[in-house]
Amino acid sequence: FEPGDLSRVVTSDFRTGAIHALSRKDRVAWVEALFGRLRLVAAREFPPGVRVSVGAGALGQAAANNSTVVRHKLENMGQIGTVIFALSALVFRSFAAGLLVLAPLVCAALVNLGVMGWIGSWLSFATASYTAMGVTLGADFAIYLLFRLREEVRAGHPLEAAITGTMRSSGRAIFFVAAAIAAGNATLLVSDFALWRQLGGYVSLMMTTSCLATLTVIPALVLIFRPRFLDARMRPVIPESQRADDPANASE
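Parameters at a glance
- Residues numbered from 1 in each chain as written.
- Predicted model: local features only at pLDDT ≥ 70, side-chain atom pairs only at ≥ 80, totals over all residues.
- Heavy atoms only, no water.
- Helix = DSSP H or I, 4+ residues; strand = E, 2+ residues; numbered from the N terminus.
- Buried < 20%, exposed > 50% of the residue type's maximum accessible area, 1.4 Å probe, protein only.
- Contact = heavy atoms within 4.5 Å.
- Areas by Shrake-Rupley, 256 points an atom, 1.4 Å probe, with all protein chains shown as cover.
- Lys, Arg positive; Asp, Glu negative; His and termini not counted.
- Charge placed at Lys NZ, Arg CZ, Asp CG, Glu CD.
- Phe/Tyr/Trp six-rings, centres within 6.5 Å; stacked < 30°, edge-to-face > 60°.
- Core = buried A, V, L, I, M, F, W, Y, C linked by side-chain atoms within 4.5 Å.
- Salt bridge = Lys/Arg side-chain N within 4 Å of Asp/Glu carboxyl O.

What about the overall build of the protein?
When helices and strands are counted, the protein shows seven helices and zero strands. In the protein, the order of α-helices and β-strands from amino to carboxyl end is α-α-α-α-α-α-α. Over its C-alpha atoms, taken along the principal directions, the protein stretches across nearly 115 × 40 × 25 Å. In the protein, which comprises 252 residues, the share counted as buried stands at 32%. The long-range fraction of contacts in the protein, counting pairs at least 24 apart against all pairs at least 6 apart in sequence, stands at 70%. When the accessible surface of the protein is summed, it comes to about 16300 Å², and 63% of that surface belongs to carbon and sulfur atoms. Side-chain charges of the protein comprise 23 positive and 17 negative groups, with the mean position of each set lying 5 Å from the other.

Some remarks on the packing of aromatic side chains
Considering all chains together, one arrives at five aromatic pairs under this definition. Put simply, the rings of Phe92, Phe147 and Phe229 touch in pairs and so form one group of aromatic residues.

Remarks on unusual backbone geometry
We note that Phe14 has phi near 60°; this positive angle belongs to a residue other than glycine. Note that Phe14 resides in the segment before helix H1 (28-45).

Here we look at the nonpolar core
In terms of nonpolar packing, the biggest core is built from 34 residues, with Ile84, Val135, Leu146, Leu149, Val222 and Phe229 touching the most fellow members. Only helix H2 (57-92), helix H3 (95-119), helix H4 (125-135), helix H5 (139-154), helix H6 (159-186) and helix H7 (194-225) provide two or more residues apiece to this core. For Val135, the contacting residues outside a window of four places in its chain are Met77, Ile80, Leu105, Ala109 and Met206. Ranked by size, the runner-up nonpolar core spans six residues in total, among them Ala126, Tyr130, Tyr202 and Val203.

Things to note about the pattern of salt bridges
With the rule as written, the count across this model stands at four salt bridges. Here Glu45 ties to Arg44 by a salt bridge, and the two come within 3.3 Å at their closest N and O atoms. Here the salt bridges share partners, and the residues they tie into one network are Arg148, Glu151 and Glu152.

Printed below as a string of structure tokens:
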């Protein structure tokens, strides 16, 4: 090369240079694997004192954007969980209630991430966004179930019978609502657009997991730990004049 031939890719002192390469792929998993291999080659082939890194380009920008979005979405999941816990604990006036509401959401997120790893789907800006969005989908299921369960307990039913009554009423409603939403999102699986297929599959999966975890994990935890906010002794006291067994209120 003549000195002027490299002017576009090296600095004037020839201490820093850029190597351009073309790629036919831009999938996040492939890009990250490529960069990992390049770093290993640079560490093995270049002498000490030479620093090799990914400078820019479409692949470098895609990798940087994906890393930033994934990190913020994971932080967003933590923020969402904190808000759900705080509001649930405030409404029920119990930290245990907040933890119970979080339980099915954690199960749904773990199952979703596990399935992604099992099928080889990379944690990208799209899948991280779907996971963060799905964390909120099952929160209302747990709240519905706990509200109904508390009503059953405060009505004087033993905890075991209260759970049975709750599953027959709110549990059945939760199941049908989750099935309807999951089936609706599952229609996206026939789309030709990969992002729509991912959205339909992951949202349906998280909705199903949240529903099943709400109907199984929460009752099991309630039976094991018997939280105080469900204690029948906390039910409101009915004034003597309003009791059904009061002779003064008995019908003629």
